[in-house]
Amino acid sequence: MWKRRRGREGAALWAAAYRSVNEGFTAINEALTALLAAEGFSAATVSGTGNFDAQALRSSFSHRSAAVIAGIAVFGANRMAITEKGSAGRFSTLFTDAPLSAAQSAVKQRCPYLENGGCGLCFAACPAQALTGTGFDRFACRRQLIENGDALREAGELSADTCGRCISVCPLRCIE
């Protein structure tokens, strides 16, 4: 059922996981919001995906940025947020007026490229050449994401406009 794609297209399994995680985030956020409300606190969430201006390709809210601001991640060269567990994570955000305290120290930079110019595997893996050591072309990336989603739909597979090549080659994708 799942085919490994070696060309430019994204993998159907990656698209299915992307959709499944988004559904999970919605369910978790709804449960947390209800739990907080039962305790007398307010809570609000932000959509897991699709919350961006389609012309400017700028997000109205970044879950990765929220993770960095919260001190649980740092940005890597591949534009992903790297936690103590790696760079292959996804994030969801819930705002609340419940009192919270920091439970850990800030994450240290681990990206070899940002530390000392080493690695750069994410740049080489980008099929759209949208990611380089000097910047990120969000329009080239978005064109690739749409191309990937179209290719999966044409193949009759569960689809999402995803890629993940930069994450799949990252030596920090899963730190044990």
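For the structure, see preceding data.
To keep things clear, this report deals only with the structure shown in the data block. (Residues numbered from 1 in each chain as written. Predicted model: local features only at pLDDT ≥ 70, side-chain atom pairs only at ≥ 80, totals over all residues. Heavy atoms only, no water.)

**A short note on the overall build of the protein**
Under the convention used in this document: Helix and strand definitions here come from DSSP, where helices need a minimum of 4 consecutive H or I residues and strands a minimum of 2 consecutive E residues; each element is numbered from the N-terminal end. Working definition: with a 1.4 Å probe on protein chains only, accessible area under 20% of the residue-type maximum means buried, over 50% means exposed, and in between means partly exposed. What makes two residues a contact is simply this: any of their non-hydrogen atoms within 4.5 Å. Only the protein chains shown count as cover for residues, and the accessible areas themselves come from Shrake-Rupley with a 1.4 Å probe. Charged residues are defined narrowly, with Lys and Arg counted positive, Asp and Glu counted negative, and His plus the chain ends left uncounted. Charge coordinates come from a single atom per side chain, which is NZ of Lys, CZ of Arg, CG of Asp or CD of Glu.
When its secondary structure is counted, the protein shows six helices and eight strands. Shown N-terminal to C-terminal, the secondary structure of the protein runs as helices and strands in the order α-β-β-β-α-β-β-β-α-α-β-β-α-α. Along the first, second and third principal axes, the C-alpha set of the protein runs to 50 × 45 × 35 Å. The buried share of the protein, reckoned over its 176 residues, is 34%. Here the analysis covers contacts within the protein between residues at least 6 apart in sequence; of these, 66% occur between residues at least 24 apart. Summed over its atoms, the accessible surface of the protein is roughly 10700 Å², and 56% of this surface lies on carbon and sulfur atoms. Between the averaged position of the 19 positive side-chain charges in the protein and that of its 15 negative side-chain charges there is a distance of 7 Å.

**Here we look at helix H5 (residues 138–154)**
Definition in use: Each residue after the first adds 1.5 Å to the expected span of a helix.
Here H5 is 17 residues long and its end C-alpha atoms lie 24 Å apart, about the 24 Å a rise of 1.5 Å per residue gives. Along H5, the positions that sit buried rather than exposed are Ala140, Gln144, Leu145, Asn148, Gly149, Ala151 and Leu152. Glycine 156 sits one or two positions beyond H5 and adopts a positive phi of about 75°.

**A closer look at unusual backbone geometry**
Even without glycine at this site, leucine 57 takes up a positive phi of about 55°. You can see leucine 57 is positioned in the loop between strand E2 (52–53) and strand E3 (58–59). For cysteine 119, which is not glycine, the phi torsion reads 70° and is therefore positive. In this fold, cysteine 119 is placed in the loop between helix H3 (112–116) and helix H4 (121–125). Using a relative accessible area of 45% as the deciding quantity, one classes cysteine 119 as partly exposed.

**Comments concerning empty space enclosed by the protein**
Convention followed: Cavities and pockets were defined on a 1 Å grid built from protein atoms only: a cavity is a group of points that admits a 1.4 Å probe but offers it no way out, a pocket is an open group of points flanked by protein on both sides within 12 Å along at least five of seven lines, and a lining residue is one with an atom within 4 Å of any such point. Grid points are joined across faces, edges and corners, and a volume is the space filled by probe spheres set on the points. By the convention adopted, Pro, Cys, Tyr, Trp, Phe, Met, Ile, Leu, Val and Ala count as nonpolar, Lys, Arg, Asp and Glu as charged, and the other residues, Gly among them, as polar.
Inspection of every chain in the model, using the stated rule, returns one cavity of 30 Å³ or more. When its volume is computed, the largest cavity comes out at roughly 90 Å³. In terms of lining residues, the largest cavity is bounded by 14 residues, among which Asn78, Cys111, Cys119, Cys122 and Cys170 are the most central. Listing elements by their share of the lining of the largest cavity, those giving two or more residues are H3 and H4. The residue inventory of the lining of the largest cavity, partitioned by class, reads eleven nonpolar, three polar and no charged.

**Focus: helix H1 (residues 12–38)**
The terminal C-alpha atoms of H1, which comprises 27 residues, lie 39 Å apart, in line with the 39 Å expected from a rise of 1.5 Å per residue. Buried residues of H1: Ala12, Ala15, Ala16, Asn22, Phe25, Asn29 and Leu36, and no others. Its buried side turned inward, H1 meets strand E1 (43–45), strand E6 (94–96) and H5. Where H1 ends, the next residue or the one after it, glycine 40, has phi of about 90°, a positive value.

That is the geometry; function is a separate question.
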